[in-house]
Amino acid sequence: QVQLVESGGGLVQAGGSLRLSCAASGRTFSNYAMGWFRQAPGKKREFVAAIIWNGGSKYYGDPVNGRFTISRDNAKNTVYLQMNSLKPEDTAVYYCAYDTSYSGTYYSGYEYDYWGQGTQVTVSS
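Cut-off values and rules
Residues numbered from 1 in each chain as written. Predicted model: local features only at pLDDT ≥ 70, side-chain atom pairs only at ≥ 80, totals over all residues. Heavy atoms only, no water. Helix = DSSP H or I, 4+ residues; strand = E, 2+ residues; numbered from the N terminus. Buried < 20%, exposed > 50% of the residue type's maximum accessible area, 1.4 Å probe, protein only. Contact = heavy atoms within 4.5 Å. Pairing = 2+ DSSP bridges.

Asker: So what exactly am I meant to see when it comes to the overall build of the chain here?
Answerer: Summing up its helical and strand segments, the chain has zero helices and 11 strands in all. In the chain, the order of α-helices and β-strands from amino to carboxyl end is β-β-β-β-β-β-β-β-β-β-β. Viewed in the frame of its principal axes, the chain has a C-alpha envelope of about 40 × 25 × 25 Å. Counting all 125 residues of the chain, 43% fall into the buried class. In the chain, once contacts between residues fewer than 6 apart in sequence are set aside, the share between residues at least 24 apart is 56%.

Dropping the structure here:
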């Protein structure tokens, strides 16, 4: 089993910044990718960002590209999401996800084997 512990969510003004953290523990010897997804009330789950652990390739969803940055700390099995220039439409519950093996994709959500509990991000106008 893999456990994901998220932190860093909160309430911010439009234009502000937040950094989310997700620490993986347990059976982390098999780690292909980690990612971030979000879901707002009444909307479908949306891909935010992903990082391939071996090599560090990064990918972003169109709504956040250029504003958000995903990064990692290999020693801590931790992934971060730096969110800048936040907009009210970024308001959502943000989920960290962990993929144990290669599947060829990273953006649907169905590839991931473990999920965090989610952390609320609210951006006021």
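Asker: Looking at this structure, I do not really get the pairing of strand β5 (residues 46-52). What am I missing?
Answerer: For a regular strand, side-chain orientation follows a simple rule: the groups alternate between the two sheet faces. The buried fraction of β5 amounts to six of the seven residues, a majority that puts the element mostly inside the structure. Pairing analysis gives six bridges linking strand β4 (residues 33-39) to β5, with the strands arranged antiparallel. Looking at the pairing, A33 lines up with I52 of β5. Linking β4 to β5, which pair antiparallel, is a turn of six residues; within it G42 sits at a positive phi near 80°. The sheet contact formed by β5 and strand β6 (residues 58-60) spans three bridges and is antiparallel. Within β6, the position partnered with A50 by the bridge is Y59. Two successive antiparallel strands, β5 and β6, enclose a turn made up of five residues, where G55 displays a positive phi of approximately 115°.

Everything listed here is a matter of geometry and, on its own, says nothing about what the molecule does.
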